[in-house]
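Survey of secondary and tertiary structure
Chain by chain, the residues:
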Amino acid sequence: VSSNTGLPILEQNGNQVYKTWYDFHGTNYFTFGKVSKFSDNHSISFSSGDYLVGEYSLNLSVDSFSISAWIKSSSNASIRTLMSKGSKLQIRLNSSDQIEVMIDDEVTPKYTSTMTIADNKWHHLTFIYDSASIFLYVDGVLDHSVQDVVHPSPNYNHFCIGAVYLDRDNVFNSFLGEIDEVYV
């Protein structure tokens with residue numbers, strides 16, 4: 001942005017600034033937003049048996065998609081599902097508090113993180129499936145990637161947050177903790 005063009009951005013001390021330090025790499029648009037500081041917790045807290053169920057029409061059997069969320073969980077010796085589309089597509093914490101990604105296999109994960117995150121602190125997770133590769137970012141840092149993963153087969157199960165939902169009588173692997181700002 002050239003100096004003295006457009007609307008100024010206000011610094012915390014009230015000074016008007018017309019320049020930015022960030023290189024947008026050819027991006028033609030972006031959005032800045034300003035909101036009042038929230039003092040309340042707006043996340044969803046999950047205890048055993050809690051979950052949110054969405055539409056089944058959400059199609060994640062495409063060549064590329066991403067899912068991200070903020071999560072907070074304590075250590076627990078059980079499997080806890082963050083998000084799922086039936087049992088064949090899951091992002092979950094395993095019994096060692098590592099993130100696992102299950103794609104078309106209910107037993108063997110296609111991806112297991114190197115780090116553990118169940119430390120009762122907020123962590124931002126971004127899962128990316130892109131042309132046969134899986135990438136997982138934790139707090140903005142790439143944990144690692146896995147290549148040559150086939151894309152998920154068509155899956156007509158409901159999208160679920162906080163558990164694996166097959167139908168209302170078959171809900172399992174409940175997440176214990178808090179989830180906020182889920183994006184698919």
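Residues numbered from 1 in each chain as written. Predicted model: local features only at pLDDT ≥ 70, side-chain atom pairs only at ≥ 80, totals over all residues. Heavy atoms only, no water.

Let's shift gears to the overall build of the protein chain. In terms of regular secondary structure, the protein chain is built from 0 helices and 16 strands. Counting only residues that meet the buried cut, the protein chain has 33% of its 184 residues in that class. A separation threshold of at least 6 residues defines the contact pool for the protein chain, and within that pool the share at least 24 residues apart is 56%. In the form shown here, the protein chain has an accessible surface area of approximately 11300 Å², with 50% of it arising from carbon and sulfur atoms. (Helix = DSSP H or I, 4+ residues; strand = E, 2+ residues; numbered from the N terminus. Buried < 20%, exposed > 50% of the residue type's maximum accessible area, 1.4 Å probe, protein only. Contact = heavy atoms within 4.5 Å. Areas by Shrake-Rupley, 256 points an atom, 1.4 Å probe, with all protein chains shown as cover.)

So, on to the side chain of Glu100. Secondary-structure assignment places Glu100 in strand β8 (residues 98-103). At 3.2 Å, the side chain of Glu100 forms a polar contact with the side chain of Asn94. If we skip the residues at most four places from it in the chain, Glu100 touches Gln90, Ile91, Arg92, Asn94, Pro109, Tyr111 and Thr112. (Polar contact = N/O pair within 3.5 Å; in protein donor to acceptor, adjacent residues only side chain to side chain.)

Attention shifts here to the nonpolar core. Of all hydrophobic cores here, the largest spans 27 residues; its most connected members are Ile71, Leu82, Ile99, Phe127, Ile134 and Ile179. Of all the secondary-structure elements, those providing two or more residues to this core are β5 (64-72), β6 (80-85), β7 (89-93), β8, β10 (123-130), β11 (133-138) and β13 (159-161). Per element, the largest residue contribution to this core is 4 residues, and it comes from β5. If we ignore the near neighbours within four places in the chain, the residues touching Ile134 are Val101, Ile103, Lys110, Tyr111, Phe127, Ile128, Tyr129, His144, Ser145, Val146 and Val149. (Core = buried A, V, L, I, M, F, W, Y, C linked by side-chain atoms within 4.5 Å.)

Taken as a whole, the protein chain shows an average pLDDT of 80; of its residues, 77% reach a score of 70 or greater. Low pLDDT, under 50, characterises residues 1-5; the stretch is placed with 8 contacts to residues that sit more than four places away or in other chains. (pLDDT = per-residue confidence, 0-100.)

On to the side chain of Asn94, then. As for its position among the elements, Asn94 is in the loop between β7 and β8. Judged by relative accessible area, Asn94 falls into the buried class, the value being 8%.

All right, on to the sheet that holds strand β16 (residues 177-183) then. Spatial strand order, β3-β16-β5-β10-β11-β12: 6 strands in an open sheet with antiparallel pairing. At either end of the open sheet lies a strand with only one pairing partner, and these are β3 (44-46) and β12 (141-146). Taking each pair of neighbouring strands and ignoring which way they run, the sheet shows an average axis angle of 25 degrees. Pairing of β3 with β16 involves 3 bridges; the strand directions are antiparallel. When the bridges of β16 are listed, Ser45 appears paired with Glu178. (Pairing = 2+ DSSP bridges. Axes fitted to C-alpha atoms, helices over the stretch in contact; angles between N-to-C directions.)

Once that is clear, we can look at the packing of aromatic side chains. By the definition in use, this model includes 4 aromatic pairs. Between Tyr51 and Tyr165, the aromatic rings sit 5.7 Å apart at their centres with planes inclined by 45 degrees, giving tilted as the arrangement. With Tyr51 in the loop between β3 and β4 (52-53) and Tyr165 in strand β14 (residues 164-167), this residue pair connects regions lying 114 residues apart in the sequence. Here the aromatic rings of Phe65 and Tyr129 are separated by 5.8 Å at their centres, their planes lie at 25 degrees, and the arrangement is stacked. Within this pair, whereas Phe65 is found in strand β5, its partner Tyr129 is found in strand β10, the two being separated by 64 residues in sequence. The two residues Phe65 and Tyr129 agree in class, both being buried. (Phe/Tyr/Trp six-rings, centres within 6.5 Å; stacked < 30°, edge-to-face > 60°.)

With 5 of its 5 residues buried, β7 lies for the most part within the structure. The alternating pattern of β7 places Leu89, Ile91 and Leu93 and Gln90 and Arg92 on opposite faces, both of which are buried. Pairing geometry for β6 and β7, over 4 bridges, is antiparallel. Its bridge partner being in β7, Arg80 is matched across the sheet by Leu93.

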